[in-house]
Structures are given as structure tokens and as C-alpha cells.
2 protein chains.
Amino acid sequence: MASDDPRPLTLRDVSEASGVSEMTVSRVLRNRGDVSHATRERVLEAAKTLGYVPNKIAGALASQRVNLVAVIIPSLRNMVFPEVMAGISGVLENTDLQPVVGVTDYMPEKEERVLYEMLSWRPSGVIVAGLEHTEASIAMLKASGIPVVEIMDTDGKPIDCAVGISHRRAGREMARAILKQGYQRIGFLGTKMPLDHRARKRFEGFTEALAKEGVEIVTQEFYSGGSALAKGREMTRTMLEREPELDFLYYSNDMIAAGGLMELLDQGIDIPGQIGIAGFNGVELLDGLPRRVATMDACRSEIGTKAAQVIAARVENPEAEIERIMELTPRISYGDTLKRR
Amino acid sequence: MASDDPRPLTLRDVSEASGVSEMTVSRVLRNRGDVSHATRERVLEAAKTLGYVPNKIAGALASQRVNLVAVIIPSLRNMVFPEVMAGISGVLENTDLQPVVGVTDYMPEKEERVLYEMLSWRPSGVIVAGLEHTEASIAMLKASGIPVVEIMDTDGKPIDCAVGISHRRAGREMARAILKQGYQRIGFLGTKMPLDHRARKRFEGFTEALAKEGVEIVTQEFYSGGSALAKGREMTRTMLEREPELDFLYYSNDMIAAGGLMELLDQGIDIPGQIGIAGFNGVELLDGLPRRVATMDACRSEIGTKAAQVIAARVENPEAEIERIMELTPRISYGDTLKRR
DNA sequence: CTGAAAGCGCTAACAG
DNA sequence: CTGTTAGCGCTTTCAG
């Protein structure tokens with residue numbers, strides 16, 4: 001323990017120290033209602049010297065208001081989510097709302113637990129990644145009566161409202177861009193994550209758009225765990241050994257694409273002439289690589305920003321109109337690894 | 001709103017629905033005290049069909065117990081911190097404690113605000129990065145009467161206790177290793193972050209150990225913002241143009257070291273013969289690079305684990321002995337970029 | 001095994 | 001401008 005005083009300070013202590021009623025002390029500390037300058041100073045002085053920190057638990061219970069926004073995401077290790085968080089924080093910093101993060105590790109049951117835990121603090125709103133949840137999670141969210149924004153994905157039916165991109169469309173567009181440049185023998189490299197619905201949807205959109213042009217993926221490879229860069233490299237090597245005729249590699253994220261780039265360069269393969277590659281996310285990291293890998297921006301920061309704005313607006317005015325689906329449009333960045341005529 | 005019922009459910013609703021007193025319902029829901037099987041079933045049934053989520057705010061106020069651990073870190077964008085978080089979560093998942101993250105952006109005043117905000121929820125413990133805090137922050141932590149673990153750094157005086165590594169020592173050891181391999185004309189590349197005390201301490205330890213052998217850094221370069229990989233590359237190019245005679249580059253983190261590696265390889269420089277390089281942190285990302293960059297493990301995960309264990313133990317038993325400074329010992333990984341005789 | 005009463009520390013709603 | 005009175009929804013404590 002940093003101190004041995006067993007009892008934390010209360011409003012009453014400040015009240016006694018300053019000779020002002022608890023109620024007035026409370027007013028001063030919250031900047032609510034009119035308080036004379038003199039009293040205010042006395043209270044502030046007393047609070048400061050005592051080192052009083054208000055008890056939000058009691059405050060929240062009494063006022064029935066909690067300035068917390070629950071943010072539920074699959075992981076913090078994937079840079080995508082910290083970037084979304086940054087967008088959210090940026091907006092909430094200008095309000096009196098505060099984000100609280102929960103991590104699900106892509107597990108629906110864990111999401112359910114985290115959600116239950118979070119909702120039991122009666123937050124003012126929830127931002128949750130994805131549109132796929134357990135029935136119980138959906139029931140809880142619906143019953144909570146607070147604004148819920150599902151983020152990152154718009155391919156599905158939101159509980160309340162959604163901000164994101166269509167991953168199916170993203171996959172389709174990348175497929176079209178690749179075909180348009182004349183690539184024909186395409187391999188896919190991704191994560192072994194049945195529960196990463198967004199990756200799955202991109203894959204589905206991708207194969208679907210290829211199929212429409214009569215093209216099929218030649219081969220595919222999936223990984224899980226480990227350094228994404230190393231895995232991207234390994235999978236690329238394996239895949240090329242098996243299918244030397246490939247002329248394009250589509251990676252489900254930029255990190256493995258970067259690993260693939262390393263491998264191809266090592267092998268002295270001409271990019272994008274002999275083989276083209278593309279990833280997904282538009283991560284900043286790519287900037288320093290020997291080639292600018294083609295990718296598609298996932299609009300991470302905008303999604304965070306928009307989601308937080310929606311929550312803030314709804315908290316401000318619960319009657320506000322709601323737009324069910326806010327779809328952002330990612331753009332392809334061709335870089336140097338997807339040839340352009 | 002996901003629902004239009006204005007009033008969230010209370011224990012009383014479950015009590016009425018099940019015909020059992022609120023007190024007994026509370027017992028069932030918390031698994032406390034003996035309740036007959038029959039009553040328990042009735043209560044659980046009622047709670048489930050109603051979709052009741054307990055109100056922790058009220059519970060915490062009444063019981064004077066909050067199962068939250070405040071974790072205060074400078075940033076989520078630097079992979080180091082998510083990894084520490086993972087260590088913390090891993091331990092806390094087996095307790096009834098829950099981490100709540102606050103981000104300071106390396107700003108002492110923001111740390112103070114975040115801390116105030118967090119402490120006002122009366123958490124059971126605090127884990128905070130670094131040993132440098134504002135006076136007010138220190139006062140708050142001391143007055144809180146809860147366990148405080150300062151992490152990542154042990155070069156200084158902890159408020160309560162600390163778990164980390166000595167960055168000064170880390171810098172010194174790397175300097176010795178470099179000198180020992182015969183490198184003499186050394187450049188330093190780092191972040192322009194006066195407030196990143198750990199980076200500063202590493203730098204100080206580094207130059208100090210060089211000085212002891214009569215060696216001085218030939219040149220240095222600092223960056224801020226942008227893609228670390230790209231910056232590492234740029235700084236390296238700039239530095240080599242200015243000082244072509246350099247034979248070693250010490251980078252303050254692995255990302256910029258990786259960027260540097262890219263640049264050196266591009267220029268066809270022999271690594272580690274003509275120029276050796278080293279970074280810091282031991283990030284997983286390095287695994288996929290064309291060369292294994294020399295680095296030093298920052299013990300990120302262990303720090304998180306240990307810190308959480310300390311908190312859990314102290315919450316369990318507030319009288320427990322405390323070890324003021326728990327210093328972990330990072331090891332140099334030579335990789336392929338720091339020659340070994 | 002179950003229930004009734006009394007708060008936890010704060011704020012809403014009134015009175016002055 | 002300041003104070004008083006009732007709770008917020010739960011748990012603690014003590015009686016059955």
C-alpha cells in the first residue's frame with residue numbers, strides 16, 4: 001500500500017475541512033449551479049490540500065449517469081484496432097465520455113463475458129467490432145437501452161447501427177483490379193481464423209468476383225500465430241514451390257504481404273512483372289518497405305471517429321435520428337506491386 | 001437505442017419475478033452463502049428470462065469493493081504496450097480482477113488526468129508505466145491506499161513497488177557488446193522524445209559505457225511521428241551521407257532498426273562486416289526480416305505478468321510482504337547484424 | 001437456509 | 001447562493 005490510511009476521503013471530509021455543506025462542495029467540484037467565488041475557493045483549497053478524489057461510483061449511482069463508453073475489440077496486437085481506438089479517443093476527448101476497452105481474442109463466448117462485465121457498469125454506449133455475436137450478446141445489447149455501434153463491417157444486419165466498410169466489396173474490388181491488369185494465376189494467403197468474419201468476407205468477395213470472370217484461385221495457404229512477417233515469407237515460399245506458375249499473390253493483411261514481398265525480392269522475382277502482390281489494411285508500416293505494397297485502406301481511423309461521434313451525439317440527444325448503416329469506401333492503393341497499364 | 005424500455009432491470013425485478021427476497025437473489029447471483037437448490041434454480045431462471053445484468057455500480061458502492069485494476073501506459077501504437085497488456089490480462093483472467101486501460105500519450109499532465117479519472121472509480125490497484133510522474137500524480141497514488149506497481153523501468157525510486165528492467169544498464173551492455181566486437185565509429189538513431197524516459201536512459205547508459213572506453217558517438221539523428229520503418233530508413237541514409245565512415249548504428253527501437261536494415265541492404269553494404277546494427281525491444285516482427293537484427297529483449301510479457309501477479313497477491317492479502325524493486329534481466333540477441341568473433 | 005433493516009458516497013429536487 | 005431530505009441498487013449485518 002502506498003499509504004496506511006484505511007479510509008479514502010469523502011465529500012464529507014471536504015465539507016468539514018471547508019465548513020461548507022456537502023451539497024455545495026459537490027456543486028463546486030462538478031462546476032454545477034452558482035456558487036459564490038469565496039465559497040468556491042474555500043472548497044477547492046480544502047479539496048486540494050486533502051488530496052480528495054471524488055468517488056465516481058457513488059456519483060454514478062446517485063445521478064444514474066455513467067460517462068463510460070464500452071469499446072469491444074478482438075485484439076490489441078493487430079495494429080488495426082489501436083488505430084480505431086485512436087480515432088475513438090480523439091473524439092471522446094472533447095466530450096466528457098471515456099472509452100473503456102475490452103478484448104475478445106476473436107472468441108464469441110469471451111465477447112459475451114466481456115460484454116456482460118462491461119454492461120454491468122452501465123456505460124452510456126457500446127462500440128463493438130463486427131456484426132456477428134452470440135444470441136445472448138445480442139439480447140443483452142438490445143435490452144441495455146443504450147446506443148450500440150457495430151464497427152468495421154457493414155455486411156450484415158446491425159443491432160442498432162453500424163459504421164464500417166463492406167469487406168465483401170473490398171475483396172471483389174481487389175479481384176477486379178487484379179484481373180484488369182491481366183493477372184490470371186492467383187494464389188490466396190490468409191489467416192486460419194474461422195472467427196475473423198471480416199477476413200472471411202473479403203475472401204468470399206474475392207473469389208466471387210474472380211468466378212464471375214471465370215477465374216479460380218489456383219491455391220491457398222493459411223497460417224495462425226507467430227510473426228506475421230515470418231509467416232508471410234514462409235507461406236510464400238511454400239506456395240511458390242508448389243505452384244511456380246503463379247502470377248499474383250493476394251494476402252489477407254499487409255503484414256503477411258510484407259513478408260511475402262521480402263521472400264519474392266530474395267528470390268529475385270520481378271515484381272510486379274512476373275508476380276504481383278497485394279495486401280489489405282493500408283498500414284503505415286508499409287511506407288518503409290523496399291516496394292510500396294498494393295493494398296486497400298480499411299478506413300480504421302475514420303471508423304473510430306465516426307463511431308464515437310455517433311455515440312456522443314446519441315448520448316447528447318437520445319431522440320436523434322439514426323442512420324442504420326454508415327458505409328465508408330476504401331480505396332485501392334496500387335503501390336509498386338500491382339502493375340498498372 | 002436498441003430498446004425502448006427506459007428502466008434497466010434491478011434486483012427487485014428478479015425478486016418479484018421469482019418470488020424470492022432481493023437478498024436471496026443477490027446471494028444466488030453472487031454464489032455467496034447457502035441457498036437451497038430449488039430457490040437457486042428459480043432465481044437463475046427468472047434472471048435469465050428477464051435478461052438481468054447486475055448493476056456493478058451499486059454493488060461496488062455497497063460492498064466497497066471494485067474488481068478493477070487501472071493500467072496506465074503511454075501509447076497503444078507502440079507494440080510494446082499491447083504486449084505488456086497481454087501479460088497483465090493473462091494473469092488477471094484467472095482472478096476476478098479486470099484491467100482497465102488508460103493512455104497518456106507520453107504527457108505527464110495527461111497521465112495526471114487519466115490517473116485522477118481512474119482513481120475516482122476506486123480500483124483495487126494501479127499499474128503505471130514508468131517511474132517519472134507529476135507531483136500531483138504521486139500524491140494521488142500515495143493517498144489512494146491501493147497497491148501501485150510502476151512498470152518497465154527500475155532506474156529510480158518507486159512509489160510503492162516496481163517491475164521492469166534497467167534501461168541504463170541495457171544501454172551500457174549493448175555499448176560493451178558493440179565495442180567488444182571491435183566497432184569504433186558508432187552512430188545513434190532514436191526518437192525525438194524528451195518524455196520517453198526509458199529511451200533517454202538507454203541512451204545515457206550507452207554513451208556512458210562508450211565513454212568509459214574512451215569512445216564517443218560520432219553522430220546522432222532523431223525523429224518523431226510517421227512510419228518508424230520509413231524514418232529508420234531515411235535517418236540511416238542521411239546519416240551515412242554525412243558520415244560515411246560509420247561502422248555501427250545503434251537504433252533506439254527495433255522498428256527503426258528494421259528500416260535501417262532495409263536501407264543498408266539497398267545500398268549493398270556488408271552487414272555486419274562493414275556496418276553492424278542493433279535495435280531494442282526484441283519484437284516478433286524482426287523474425288521475418290532478411291537478416292535477424294541484433295536487439296535486446298525488453299521482457300515485455302514478463303513485466304506484465306509479474307506486475308499483475310503482484311497486484312493480485314496484494315489484493316488477496318494486503319499484509320503481504322512487498323519487494324520494492326523487481327528487476328528483470330534482458331539478454332542481448334546478436335542475430336546476424338552484430339558480428340561475433 | 002431466508003429475510004429485514006441500514007447504509008455505501010453521492011446527487012436530484014426542493015426549500016429557503 | 002446555500003442547505004435539507006431522499007433516495008440511486010446493491011450488500012452487510014443481524015435476526016429469525
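Residues numbered from 1 in each chain as written. Chains lettered and ligands numbered in written order. Predicted model: local features only at pLDDT ≥ 70, side-chain atom pairs only at ≥ 80, totals over all residues. Heavy atoms only, no water.

- As recorded in an unreviewed UniProt entry, chain A goes by the name LacI family DNA-binding transcriptional regulator, listed as coming from Ponticoccus litoralis.

## What about the overall build of chain A?
Link 1 in the chain: When its secondary structure is counted, chain A shows 12 helices and 12 strands.
Link 2 in the chain: Taking 2.2 N^0.38 as the reference for a compact globule, 341 residues should give roughly 20 Å; the C-alpha atoms of chain A span a radius of gyration of 26 Å, well beyond that estimate.
Link 3 in the chain: Along the longest, intermediate and shortest principal axes, the C-alpha atoms of chain A span 85 × 40 × 35 Å.
Link 4 in the chain: Looking at chain A residue by residue over its 341 residues, the buried ones come to 54%.
Link 5 in the chain: When contacts within chain A are restricted to residue pairs at least 6 apart in sequence, long-range pairs at least 24 apart make up 68% of them.
Link 6 in the chain: Carbon together with sulfur atoms contributes 48% to the accessible area of chain A, which is approximately 14,900 Å² in total.
Link 7 in the chain: Mean positive and mean negative side-chain charge positions of chain A (42 and 48 charges, respectively) differ by 2 Å. (Helix = DSSP H or I, 4+ residues; strand = E, 2+ residues; numbered from the N terminus. Rg over C-alpha atoms; globule rule 2.2 N^0.38 Å. Buried < 20%, exposed > 50% of the residue type's maximum accessible area, 1.4 Å probe, protein only. Contact = heavy atoms within 4.5 Å. Areas by Shrake-Rupley, 256 points an atom, 1.4 Å probe, with all protein chains shown as cover. Lys, Arg positive; Asp, Glu negative; His and termini not counted. Charge placed at Lys NZ, Arg CZ, Asp CG, Glu CD.)

## Here's the deal with the relation of the copies chain B and chain A
Link 1 in the chain: At an RMSD of 0.1 Å, chain B and chain A line up after a rotation of 180 degrees and a shift of 0.0 Å along the axis. Taken together, the rotation angle and the small translation identify this as a two-fold axis. Considering only C-alpha atoms, the residue of chain B closest to the rotation axis is B:Ile57, which sits at 2.8 Å.
Link 2 in the chain: Taken together, the interface assignments show that 100% of the residues at the interface of chain B recur at the interface of chain A, consistent with an identical surface on both copies. (Least-squares fit on C-alpha atoms with pLDDT ≥ 70 in both.)

## Concerning the protein's contact with DNA strand C
Link 1 in the chain: The environment of DNA strand C is formed by 25 residues, the closest being A:Leu11, A:Ser26, A:Tyr52, B:Arg27 and B:Thr39.
Link 2 in the chain: Considering DNA strand C, the proportion of its atoms within 4 Å of the protein that are sugar or phosphate atoms stands at 66%.
Link 3 in the chain: A distance of 3.3 Å separates a phosphate oxygen of DNA strand C from a polar atom in the backbone of A:Asn55.
Link 4 in the chain: Contact between DNA strand C and B:Ala62: a base oxygen at 3.1 Å from a main-chain N or O atom of the residue.
Link 5 in the chain: Looking at the surface near DNA strand C, the elements that each hand over two or more residues are α2 (22–30) and α4 (56–63) of chain A together with α2 (22–30) and α4 (56–63) of chain B.
Link 6 in the chain: Taken together, the residues that form the surface near DNA strand C break down as 10 nonpolar, 10 polar and five charged. (Near = heavy atom within 4 Å. Polar contact = N/O pair within 3.5 Å; in protein donor to acceptor, adjacent residues only side chain to side chain. Nonpolar A, V, L, I, M, F, W, Y, C, P; charged D, E, K, R; others polar.)

## Structural notes on the interface of chain B and chain A
Link 1 in the chain: Counting from both sides, the interface comprises 57 residues of chain B and, opposite them, 57 residues of chain A.
Link 2 in the chain: Buried surface at the junction of chain B and chain A, summed over both partners, amounts to about 5,400 Å²; 64% is from carbon and sulfur atoms.
Link 3 in the chain: The tally of links between chain B and chain A comes to four salt bridges.
Link 4 in the chain: Of the charged contacts, one joins A:Glu93 and B:Lys110 as a salt bridge, the two residues approaching to 2.6 Å between their closest N and O atoms.
Link 5 in the chain: In this assembly, chain B and chain A are joined by 14 residue pairs in polar contact (both at pLDDT 80 or more).
Link 6 in the chain: At the level of elements, α4, α5 (80–92), β2 (98–103), α6 (108–119), α7 (135–144), α10 (228–242) and α11 (254–266) of chain B are the ones that each hand at least two residues to the side of chain B that touches chain A.
Link 7 in the chain: Residues that form the side of chain B that touches chain A fall into these classes: 35 nonpolar, nine polar and 13 charged. (Buried area = accessible area lost by both parts, 1.4 Å probe. Salt bridge = Lys/Arg side-chain N within 4 Å of Asp/Glu carboxyl O.)

## Quick word on the domain arrangement of chain A
Link 1 in the chain: Structurally, chain A comprises domain 1 (11–54), domain 2 (68–166 + 300–332) and domain 3 (167–297).
Link 2 in the chain: Taking the mean C-alpha position of each, domain 1 of chain A and domain 2 of chain A sit 37 Å from one another. (Domains from an automatic or database assignment.)

## Some words on a positive patch on the surface
Link 1 in the chain: A contiguous patch of positive charge on the surface is contributed by A:Arg27, A:Arg30, A:Arg32 and A:Arg65.
Link 2 in the chain: Under the relative-accessibility criterion, A:Arg27 is labelled partly exposed at 32%. (Patch = residues over 30% accessible without salt bridge, like charges linked within 9 Å, V, L, I, M, F, W, Y side chains within 5 Å.)

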